[in-house]
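Each chain, written out:
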Amino acid sequence: MGKEIERKFLVTSDAWRSEGHSSLLRQGYISAEPGRIVRVRIDGDRGCITIKGMATGASCGEWEYPVPLQDAAELLDQVCEKPLIEKYRHRIARDGVLWEVDEFLGDNAGLVVAEIELESEEQRFVRPDWLGEEVTEDRRYANANLIRKPFSQW
């Protein structure tokens, strides 16, 4: 079984912008029901489909598979719930871990969060100075929930 251990934080400044590299992500949900999430994503020239189980704390089951780019585009346009999530993902390697800073567009514009995937829930890491409040367990920040209640409607 695949397992994802991920913590999510608000971002409090632009100090991260000079680090890492970025790509545009488009993603949608065939199912956004908790415990049965099925996501389609295009990241640059790569398509994938991801299945996520029920989250417990910072952990959940996760299975991800590559799909042809054209298939991913058709799934996003024809099958996935609307609106789609569009965001810039900035990948920043720092202190031996990879931070992913997501800068949302569209109805979620203004929302900027940072995520880190860990080996265990107890794993220690150095908090960058641009990291704010932890929102890992605040389900409003889950991408699957942002399609139903975008950040602009909070």
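A brief report on the enclosed structure follows. (Residues numbered from 1 in each chain as written. Predicted model: local features only at pLDDT ≥ 70, side-chain atom pairs only at ≥ 80, totals over all residues. Heavy atoms only, no water.)

Attention shifts here to the overall build of the protein chain. Summing up its helical and strand segments, the protein chain has two helices and nine strands in all. The C-alpha atoms of the protein chain give 15 Å as radius of gyration, which agrees with the globular expectation for 154 residues (15 Å, within 12%). Dimensions of the protein chain, computed from the C-alpha atoms along their principal axes, are close to 40 × 35 × 30 Å. Looking at the protein chain as a whole, 49% of its 154 residues qualify as buried. The long-range fraction of contacts in the protein chain, counting pairs at least 24 apart against all pairs at least 6 apart in sequence, stands at 60%. For the protein chain, the exposed area adds up to about 8,200 Å²; of that, 49% sits on carbon and sulfur atoms. Across the protein chain, the 21 positively charged side chains and the 29 negatively charged ones have centroids separated by 3 Å. (Helix = DSSP H or I, 4+ residues; strand = E, 2+ residues; numbered from the N terminus. Rg over C-alpha atoms; globule rule 2.2 N^0.38 Å. Buried < 20%, exposed > 50% of the residue type's maximum accessible area, 1.4 Å probe, protein only. Contact = heavy atoms within 4.5 Å. Areas by Shrake-Rupley, 256 points an atom, 1.4 Å probe, with all protein chains shown as cover. Lys, Arg positive; Asp, Glu negative; His and termini not counted. Charge placed at Lys NZ, Arg CZ, Asp CG, Glu CD.)

On to the nonpolar core, then. One finds Val11, Trp16, Trp99, Val101, Ala114, Ile116 and Trp130 to be the most contacted residues of the largest nonpolar core, which totals 16 residues. Of all the secondary structure elements, the ones that give two or more residues to this core are strand E1 (3–11), strand E7 (97–104) and strand E8 (112–117). Leave out the neighbours within four places in its chain, and Ala114 touches Arg7, Lys8, Phe9, Val11, Trp99, Glu100, Val101, Trp130 and Leu131. Counting 13 residues, the second largest nonpolar core, distinct from the first, contains Leu10, Ala32, Leu111 and Tyr141. (Core = buried A, V, L, I, M, F, W, Y, C linked by side-chain atoms within 4.5 Å.)

Let us look at unusual backbone geometry. Following Lys82, the chain continues into Pro83 via a peptide bond in cis, with omega recorded as 5°. As for its placement among the helices and strands, Pro83 is situated in the loop between helix H1 (69–78) and strand E6 (85–94). Of note, the phi angle at Asp95 is positive, near 55°, even though the residue is not glycine. Here Asp95 is to be found in the loop between E6 and E7.

So, to be careful, I would describe these as geometric facts and stop short of saying anything about function.
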